[in-house]
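# Residue-level structural notes
Chain residues, written in single-letter form:
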Amino acid sequence: MTDKQSTFLIVGANGGLGVAIAELASEAGHQVVAMDLGARYAGRSRATTTYLKGNATRPIDIARAFRLLPKTGVCHVVNAAGAGVFKPFSRFTVKDFERTLNANVLTTFLVCQAAIPNLAARGGGRVFGFGSISENKQLPMNSLYSASKMANQSLMKSLNEETKLKNVHFTHLRLGA
């Protein structure tokens with residue numbers, strides 16, 4: 001690997017932003033470990049990409065993904081896992097609540113908890129997470145999703161302050177709804 005190459009761990013790489021980032025990083029010559037629930041890419045590997053099936057709400061699967069990373073070198077962690085249930089608040093169930101918070105907050109918690117010691121041990125790194133415009137603009141039938149993304153934002157900002165001295169940084173990107 002050259003000085004310009006690095007490794008990307010992408011959690012939530014079955015579609016959308018996750019798969020797009022995995023493809024761009026791979027095309028640029030970076031090593032990529034891409035994990036997702038879906039089996040669409042699991043087991044297939046490119047020259048610079050390893051795909052694995054895993055559930056980002058399970059600590060054992062997150063640990064397995066981190067074990068695939070090289071022990072040294074620059075590493076970036078991208079948490080693109082997430083989901084939403086959109087309907088009137090009065091129709092939400094406890095299952096909807098758990099699914100939304102697990103997909104959007106628990107995954108962030110587990111990825112960040114695994115990333116901090118891993119990145120600190122290699123001298124630093126960056127964790128990227130995705131928010132939503134609904135953090136600041138409340139939309140109808142969006143209450144649980146909005147709350148989960150706001151929790152994500154708060155967690156990422158707090159961790160960024162907590163880990164500055166370890167050279168581990170957190171970036172929360174607020175995209176569309």
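Quick look at the structure, then. (Residues numbered from 1 in each chain as written. Predicted model: local features only at pLDDT ≥ 70, side-chain atom pairs only at ≥ 80, totals over all residues. Heavy atoms only, no water.)

### Digging into the pairing of strand 4 (residues 75-79)
Along any regular strand the residues' side chains alternate between the sheet's two faces. Counting buried positions along strand 4 yields 4 of 5 residues, so the element is predominantly enclosed. The pairing of strand 1 (residues 7-11) with strand 4 spans 5 bridges and is parallel. By the bridge assignment, Leu9 is partnered in strand 4 with Val77. In terms of strand pairing, strand 4 meets strand 5 (residues 125-130) through 4 bridges, oriented parallel. Note on strand 5: the bridge partner recorded for Val77 is Val127. In terms of handedness, the path from strand 4 via helix 3 (residues 94-121) over to strand 5 forms a crossover that is right-handed. (Buried < 20%, exposed > 50% of the residue type's maximum accessible area, 1.4 Å probe, protein only. Helix = DSSP H or I, 4+ residues; strand = E, 2+ residues; numbered from the N terminus. Pairing = 2+ DSSP bridges. Right-handed = clockwise from strand over helix to strand, strands pointing away.)

### Overview of the environment of Gly176
Assignment of secondary structure puts Gly176 in the segment after strand 6 (168-173). What makes Gly176 partly exposed here is its relative accessible area of 46%. Considering only alpha carbons, one finds Gly176 and Lys157, 19 residues apart in sequence, at a separation of 19 Å. Every residue in contact with Gly176, bar those within four places of it in the chain, is listed here: Gly131, Ser132 and Ile133. (Contact = heavy atoms within 4.5 Å.)

### Some words on the side chain of Asp61
Residue placement: Asp61 occurs in helix 2 (residues 59-67). Residue classification places Asp61 among the buried positions, given a relative accessible area of 7%. One polar contact links the side chain of Asp61 to the main-chain amide nitrogen of Asn55, over a distance of 2.7 Å. Among residues more than four places away in sequence, those in contact with Asp61 are Met35, Gly54 and Asn55. (Polar contact = N/O pair within 3.5 Å; in protein donor to acceptor, adjacent residues only side chain to side chain.)

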